[in-house]
Amino acid sequence: GAGVSQSPSNKVTEKGKDVELRCDPISGHTALYWYRQSLGQGLEFLIYFQGNSAPDKSGLPSDRFSAERTGGSVSTLTIQRTQQEDSAVYLCASSLSLTGGQGEQYFGPGTRLTVT
Amino acid sequence: AQSVAQPEDQVNVAEGNPLTVKCTYSVSGNPYLFWYVQYPNRGLQFLLKYITGDNLVKGSYGFEAEFNKSQTSFHLKKPSALVSDSALYFCAVRASDRNYQLIWGAGTKLIIKP
């Protein structure tokens with residue numbers, strides 16, 4: 001079946017511009033995550049959505065970052081007034097909400113954001 | 001504090017030799033442990049997980065990992081390495097306070113030389 005998809009795959013933007021990154025999770029997965037990965041580095045948690053519950057936004061690095069998830073499916077991560085330090089690969093993942101966090105996460109291919 | 005350590009930034013192995021990628025963790029309660037792999041220019045893929053039961057878990061592509069509670073380790077292993085195993089490997093553990101969240105290691109680059 002279809003996996004997690006993300007668009008665009010690459011985005012080059014000028015400093016100060018706003019960008020929107022999109023994630024389509026696997027159908028039926030109620031949990032959705034956004035991560036940021038700098039070149040060759042580990043994953044930085046950004047935000048978590050679970051069904052209709054309030055999202056966990058504790059990982060968002062500043063108020064320039066926001067995300068929404070419409071209809072419990074597609075999610076959009078928005079970065080306003082982009083800065084050069086926002087350059088990274090943004091990864092989206094989805095999972096089934098198995099008891100106690102047993103479910104593995106399925107990742108999209110990522111969006112590579114370059115801020116010039 | 002909750003954490004995951006992957007002590008080696010890079011591991012080099014000759015093709016056909018056994019490989020081990022190390023991971024130690026620190027969380028309270030019963031750990032749920034995961035290994036993911038990231039091939040060049042691709043997203044992360046789930047390899048295997050330990051939830052409960054047998055300490056030796058088998059996963060995709062011939063990989064296995066051994067959970068050792070006394071040493072708080074979850075090392076990834078493969079009996080015979082392939083050049084195609086060259087990738088970035090991440091260990092992760094479920095957070096104690098937020099069971100939906102994973103705590104990630106920094107990753108280990110595995111290079112298999114022919």
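Quick note: structure is the one above.
All of the points below concern the structure found in this document. Remember, predicted model here, so these are calculated numbers, not experimental data.

**A closer look at the overall build of chain A**
Looking only at helices and strands, one finds 0 helices and 10 strands in chain A. Put simply, chain A runs from its N terminus to its C terminus through helices and strands in the order β-β-β-β-β-β-β-β-β-β. Relative to a compact globule of 116 residues, whose C-alpha radius of gyration would be 13 Å, chain A shows 14 Å and is just as compact. Here the C-alpha coordinates of chain A stretch approximately 40 × 30 × 25 Å along the principal axes. A buried classification covers 48% of the 116 residues belonging to chain A. Intrachain contacts of chain A at a sequence separation of at least 6 include 55% that bridge at least 24 residues. For chain A, the exposed area adds up to about 5,500 Å²; of that, 45% sits on carbon and sulfur atoms. Within chain A, the 11 negative side-chain charges are centred at a point lying 4 Å from the centre of the 10 positive side-chain charges.

**What to know about the interface of chain B and chain A**
With 21 residues of chain B at the contact, the number on the chain A side is 22 residues. Area buried by chain B at its contact with chain A is led by Leu44(B), Tyr100(B) and Trp104(B), which between them contribute 32% of it. Applying the counting rule to chain B against chain A returns 2 salt bridges. Between Glu104(A) and Lys49(B) there is a salt bridge, with its nearest N and O atoms 2.8 Å apart. Sorting the residues of the side of chain B that touches chain A by element identifies strand 5 (33–38), strand 6 (44–50), strand 10 (87–94) and strand 11 (102–104) of chain B as the ones contributing at least two each. Classifying every residue of the side of chain B that touches chain A gives 12 nonpolar, 6 polar and 3 charged.

**Some thoughts on the sheet that holds strand 3 (residues 19–24) of chain A**
Residues and elements named next belong to chain A. The strand order 1-3-7-6 describes an open sheet built from 4 strands, whose pairing is antiparallel. The sheet is open, and its two edges are formed by strand 1 (5–7) and strand 6 (65–69), each paired on a single side. Adjacent strand axes in the sheet meet at a mean angle of 15 degrees, parallel and antiparallel pairs treated alike. Pairing analysis gives 3 bridges linking strand 1 to strand 3, with the strands arranged antiparallel. If you follow serine 7 over to strand 3, its bridge partner there is arginine 22.

**Brief notes about the pattern of salt bridges**
Enumeration according to the criterion identifies 8 salt bridges over all chains in this entry. Note that Asp86(A) is salt-bridged to Arg64(A), the shortest N-O span being 2.8 Å. One end of the pair, Asp86(A), is in the loop between strand 7 (75–79) and strand 8 (88–95); the other, Arg64(A), is in the loop between strand 5 (43–50) and strand 6, with 22 residues separating them in the sequence. With respect to class, Asp86(A) is no different from Arg64(A); both count as buried. Note that Lys58(B) and Glu64(B) form a salt bridge whose closest N and O atoms lie 2.9 Å from each other. For Lys58(B), a relative accessible area of 64% puts it in the exposed group.

Parameters and conventions
Residues numbered from 1 in each chain as written. Chains lettered and ligands numbered in written order. Predicted model: local features only at pLDDT ≥ 70, side-chain atom pairs only at ≥ 80, totals over all residues. Heavy atoms only, no water. Helix = DSSP H or I, 4+ residues; strand = E, 2+ residues; numbered from the N terminus. Rg over C-alpha atoms; globule rule 2.2 N^0.38 Å. Buried < 20%, exposed > 50% of the residue type's maximum accessible area, 1.4 Å probe, protein only. Contact = heavy atoms within 4.5 Å. Areas by Shrake-Rupley, 256 points an atom, 1.4 Å probe, with all protein chains shown as cover. Lys, Arg positive; Asp, Glu negative; His and termini not counted. Charge placed at Lys NZ, Arg CZ, Asp CG, Glu CD. Buried area = accessible area lost by both parts, 1.4 Å probe. Salt bridge = Lys/Arg side-chain N within 4 Å of Asp/Glu carboxyl O. Nonpolar A, V, L, I, M, F, W, Y, C, P; charged D, E, K, R; others polar. Pairing = 2+ DSSP bridges. Axes fitted to C-alpha atoms, helices over the stretch in contact; angles between N-to-C directions.

Take it as geometry only, folks, not as evidence of what the structure does.
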